[in-house]
Each structure stands twice: as C-alpha cells, then as structure tokens.
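Structural overview
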Amino acid sequence: MARRTIGTPPLSVTLALPESAEAVAARVRDARAGRTPLRITAARQWLDAGRPCHTAGELSLAALRGVTEYERGDFTITMRAATPLAEIDAVTAREGQWLALQPFGSADGTIGATIATASWGPLASAYGTPRDQLLGCEVVTGVGEVIRAGGRVVKNVAGFDLTRLMTGAWGTLGVITDVTLRLRARPEVDRTLVVVAEGGADAFCSAAWQWLRASPYAPLAAELCSAALATRLGLEGGGEGRPLLLVRLGGNEAFVRAAEESVAALGATTEVSADVWARLRTLEPAGSTVVRLGALPSTLGAVWSAVSDVVERSGGWTHATLERGVIRCVVPTADGTQEESARIRGIIDQLNAPGSRVVERLPAPLWEAIAAPAGDRLSSAVRRTFDPDGVLNPGILAPLS
Ligand SMILES: Cc1cc2nc3c(=O)[nH]c(=O)nc-3n(C[C@H](O)[C@H](O)[C@H](O)COP(=O)(O)OP(=O)(O)OC[C@H]3O[C@@H](n4cnc5c(N)ncnc54)[C@H](O)[C@@H]3O)c2cc1C
C-alpha cells in the first residue's frame, strides 16, 4: 500500500494513500465526522493556484494512477485521476492517437487536476477545453458518496450534465477519482510556423483574426506572443516590441502544405521546431501572477496593446489564444513582501477587459481584493448540495460562508 509522510520526523505522520474510490470515500467520511477539512492533492504542481485553501488536512490521490480501459476503435480512454498527462501521451502515441489538451504546466501534471481546474492550452483553438473532451467521470462527494457522471462513449447520457459541473469546480463539489476522455487521431504531419507582425499589434491582431475566420485550413493552434515572450522562447523576429504569431498546423502532407501557403498571406513565415509549444507551457516560474482576460474579436487588438504594455514594463509577458479571444498575462512575482504585493496590486488594477477576467495565481494576501467566482447564492447552494460541511478544498473558489 502506497504511503505518504506529512511533516518532518519526529513531528510527522505517515498516511496510507487511498488506492480506490471507496478508500477515498472512507477518508472523506472520516474527515467530515472529525470536522477536519481536506486539501486534495495529486502531483502537487499547481497547489499555489486558486484562492488560499484553509486546512492542514491533506487527501493525496498520488496512488490513484493508471489507464484502466482503452477503446482504440472508439477513440476513448479511461484512467484513474492521478495519471500524469505524460503517461496518457505515451500510451496513446503508440496507437497514433492523442489527448489533444496539453494545458499549461508540465506533463507531470495529472488528468484529474487538469479536469478539476479546467486547464487548457493553445490546442483549445482546434479541440476545445477539458469540458469538450471529458465524456464521463467518477467522483466522491463531500459526504463520502461515490457517484458516476456521464458515460464511456461519446454523448449517450441523459439528465444534468454533471461532468461539466465537475470540470473547473476545483474539487469543491467532489474528488474526481477516474475519468473517460475522447481522443483524436494524432496528425501525420505536425508543423509550426512563426509569422512576425508587420505594423502595429492592433492591425496584426485583426488581420490574424480575419485569416482564422476566412482560411479553410483551421490550425491546431494560433498563439499571439508578445515580444518579451518571443525572446524568452528564443524566437527571432520579436525585436522592437513586435509580437509574433505561432501557428501549429497538423494533418497529412498535402493539407499542411496548403495551409502553409494560406498562412503566408499574413506575412513572412519561418518554420520552427514543435518543441516551442512545450517551452511555452512550462515557461513561467513558480509563484508567478497569472491573469486571463477575455476580449471580443473586435476589441482583442486594442486590449492586447493596452495590457501587454503594462505587463512587459513589469517584467512579464503576454500571449493570446486568438480563436478563443483569451489573453494570458504572466508576471514573475517575488514572494511575500508588502512592496511586492503593492506592485502586483498596481498591475492587476490595470489589467481590465470588456469580457471576463480570471485570476489564476496571485500572492496570497491579494486574494481578498479579488471578487470570488463562486460566491453567489446559487453557487453556494450547489456547493452545499455536494459538500454540505465544506470538507473539500475549503476557500479555494470562494470565502467560507
Ligand atoms: C507552472 C504551471 C502553470 C500552469 N498554468 C496554468 C494555466 O495558466 N491555466 C490552467 O488552466 N492550468 C495551468 N496549470 C495547471 C495544469 O495544467 C494542471 O492542472 C496541473 O499541472 C495539475 O497538476 P497536479 O496534478 O500537480 O495538480 P495539484 O497541484 O496536485 O492540484 C492542482 C489543483 O487541482 C485540485 N485537484 C487535483 N486533483 C484533483 C482531483 N482528482 N479532483 C478534484 N480536485 C483535484 C487540487 O486540490 C488543486 O487545487 C499550470 C500548472 C503549472 C505547474
């Protein structure tokens, strides 16, 4: 039985790690009875994201790992929640398939956490977010009940779509113990081009948006990168503050070649190695402040110009998933000083957009000033239905009420 030691000897406890949904359910029931809320952890790569979680209790899922079912013909796969993304990639690559998700962060991150935090990356342009890839999941609620949501095949469920409710709930409605996902055929040819923006960012944004709308060759990803980011990724052309567009093309040779010609309408293109995408996903240092801004196609260029200026002057960088109208702002952040919190607060106050603003990571003292995403009456009622005593990840989505 897998074990984890918490704390340093002699003041340490060694806990047996749950290896089944039933064992997780028993842990949750004990925690509820003992009024000791639990912090759900998996590979512990992203525990500093979301609002501070107010508990010392830990429910480690590290032992809930492995693929349990793989229907190659149906392009579906089922696995236990703490299976790392890298393991899923290795298993599916052998069959010419892939889980077209690749969220930010390293591939050591687990699938359960990726679903719980609704994490996505540049591939969301073509394949959508975790909500579009999750077919079914098994969950342990805050009262220690094991429930199943969705199914193991594409779209054959009735009633409330609980899979979507669990996606992005940050563990506050239940501990995800296994998931069934939709896979895709891995592209035969996977090619990445860089297009350097000629003229202003605003004009380039709308030209790139027009191209995305008009081109018959949908890219796998089209990520606008600020000049500072281009430099950090080792990409040429980002000089003089010019952003550049990273375009990922996938399919058979004929399709990719035709798509390349279509991209050339935007400007001179250079082919770069596909590992730039892994570099982009793992670039940000731990503890960085990360904010996502939503903007309409018509305002994307203006918002981009406004915020990338603020962020780059603060030592950070920005990039945008054009297809989704989302700009991601990353500011490396020194830990814990009041001056640093004041500096970050000043930056955050300038990061506004007509669409949505999602704060992903922030120095802990600053969260109070940020509106809670699930603090409204209806969300609290939903939370109380699944976790009446607030046993799971208390405080991560909204202040305890
Ligand atoms: C440097 C970095 C940057 C990232 N940037 C982004 C980003 O910009 N946008 C984005 O969406 N994602 C981002 N991610 C998250 C990433 O994509 C994965 O979600 C993450 O790596 C998962 O890692 P983990 O298994 O270590 O989870 P942990 O760090 O162990 O857990 C992450 C969160 O998920 C909860 N959780 C974990 N497992 C479960 C489960 N089975 N059921 C319910 N709740 C669970 C935990 O309580 C915790 O709140 C980033 C990750 C890293 C490391």
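Along every chain, residues carry numbers that run from 1 in the direction the sequence is written. This being a predicted model, a pLDDT of at least 70 is required before a residue's local features are given, and a value of 80 or more before pairs of side-chain atoms are given or counted; all residues contribute to the totals for chains, interfaces and linings. The side-chain numbers reported here are obtained from all heavy atoms of the structure, hydrogens and water having been left aside.

Side note on the overall build of the protein
- Secondary structure elements are taken from DSSP: a helix is a run of H or I of four residues or more, a strand is a run of E of two residues or more, and numbering for both begins at the N terminus. When you go through the protein residue by residue, the secondary structure sums to 13 helices and 19 strands.
- Its C-alpha atoms give the protein a radius of gyration of 22 Å, within 12% of the compact-globule value 21 Å for 401 residues.
- Counting all 401 residues of the protein, 52% fall into the buried class.
- By the convention used here, residues are in contact when the closest approach between their heavy atoms is within 4.5 Å. Sequence separation of at least 24 residues holds for 69% of the intrachain contacts in the protein that already meet a minimum separation of 6. In this setup the radius of gyration rests on C-alpha atoms only. A globule is expected at 2.2 Å times the number of residues raised to 0.38. Buried means the residue's accessible area, taken with a 1.4 Å probe over protein chains only, is under 20% of the maximum for its type, while exposed means over 50%, and partly exposed covers the values in between.

Digging into helix 13 (residues 377–386)
- Burial in helix 13 covers these residues: S380, R383 and F386. In an axial view of helix 13, the angular spread of the buried residues amounts to 130 degrees, which keeps them on one side of the axis. In helix 13, the exposed positions that point more than 90 degrees away from the buried face belong to R377, L378 and T385.
- Elements in contact with the buried residues of helix 13: strand 9 (146–150) and helix 6 (162–166).
- We define a polar contact as two N or O atoms separated by no more than 3.5 Å, with the added condition that, inside protein, one atom must be a possible hydrogen donor and the other a possible acceptor, whereas residues neighbouring each other in sequence contribute only through side-chain atom pairs. The backbone nitrogen of L378 lies 3.2 Å from a side-chain oxygen of the residue at the head of helix 13, namely D376. This arc is built from the directions going out from the helix axis to the C-beta atoms.

Topic: the sheet that holds strand 5 (residues 67–71)
- The sheet built from five strands is open, its strands ordered 5-6-10-8-9 with antiparallel pairing. The open sheet has two free edges, formed respectively by strand 5 and strand 9, since each of these has just one partner strand. In this sheet, neighbouring strand axes are inclined to one another by 10 degrees on average, regardless of whether the strands run parallel or antiparallel.
- Across five bridges, strand 6 (residues 76–80) lies against strand 10 (residues 175–182) in antiparallel orientation. Directly across from I77, in strand 10, lies its bridge partner L181.
- For helices, the fitted line uses only the C-alpha atoms of the stretch in contact; every axis is such a line through C-alpha atoms, and the angle between N-to-C directions lies from 0 to 180 degrees. Together, strand 8 (134–140), strand 9 and strand 10 form the strand contacts of helix 1 (residues 21–33), whose direction differs from that of strand 8 by roughly 45 degrees. The pairing criterion for strands is at least two bridges between them, as found by DSSP.

Things to note about the site of the ligand
- Within the structure, the ligand sits among 34 residues, and I40, Q45, W46, F104 and R328 are positioned closest to it.
- Take R44: an N or O atom from its main chain is 2.9 Å from an oxygen atom of the ligand.
- For the area figures, the Shrake-Rupley method with a 1.4 Å probe applies, and any residue is considered shielded solely by the protein chains shown. Burial of the ligand by the surrounding chains reaches 97%, relative to a free accessible area of 970 Å².
- Those elements giving two or more residues to the shell around the ligand turn out to be strand 3 (38–41), helix 3 (111–116), strand 10 and strand 19 (357–361).
- No other element matches helix 3, which puts four residues into the shell around the ligand.
- Taken together, the residues that form the shell around the ligand break down as 16 nonpolar, 12 polar and six charged.
- Composition of the shell around the ligand by domain shows at least three residues from each of domain 1 (21–185) and domain 3 (284–370). Residues are counted as near a molecule or strand when any one of their heavy atoms sits within 4 Å of it. Three classes are used: nonpolar for Ala, Val, Leu, Ile, Met, Phe, Trp, Tyr, Cys and Pro, charged for Asp, Glu, Lys and Arg, and polar for all others, with Gly counted as polar. Each domain's limits were defined by an automated method or a database of domain assignments.

Focus: the domain arrangement of the protein
- Considered domain by domain, the protein is made up of domain 1 (21–185), domain 2 (194–215 + 226–280) and domain 3 (284–370).
- Taking the mean C-alpha position of each, domain 1 and domain 2 sit 32 Å from one another.

Brief notes about the packing of helix 7 (residues 201–214) against helix 11 (residues 297–313)
- Contact geometry for helix 7 and helix 11: axes closest at 8 Å, N-to-C directions at 150 degrees. Crossing geometry of helix 7 relative to helix 11 is assigned as right-handed. Between helix 7 and helix 11, the contacting residues are A201, D202, C205 and W209 on the first element and P297, L300, G301, A302, W304 and S305 on the second.
- Within the contact of helix 7 with helix 11, the residues separate by chemical class into seven nonpolar, two polar and one charged. In this scheme the handedness of a crossing depends on how the near helix is turned from the far one: anticlockwise by less than a right angle means left-handed, clockwise means right-handed.

Quick look at the side chain of T318
- Inspection of the secondary structure puts T318 in strand 17 (residues 317–321).
- Dropping the residues within four chain positions of it, T318 is found in contact with L224, C225, S226, L229, W304, S308, V311, I327, R328 and C329.

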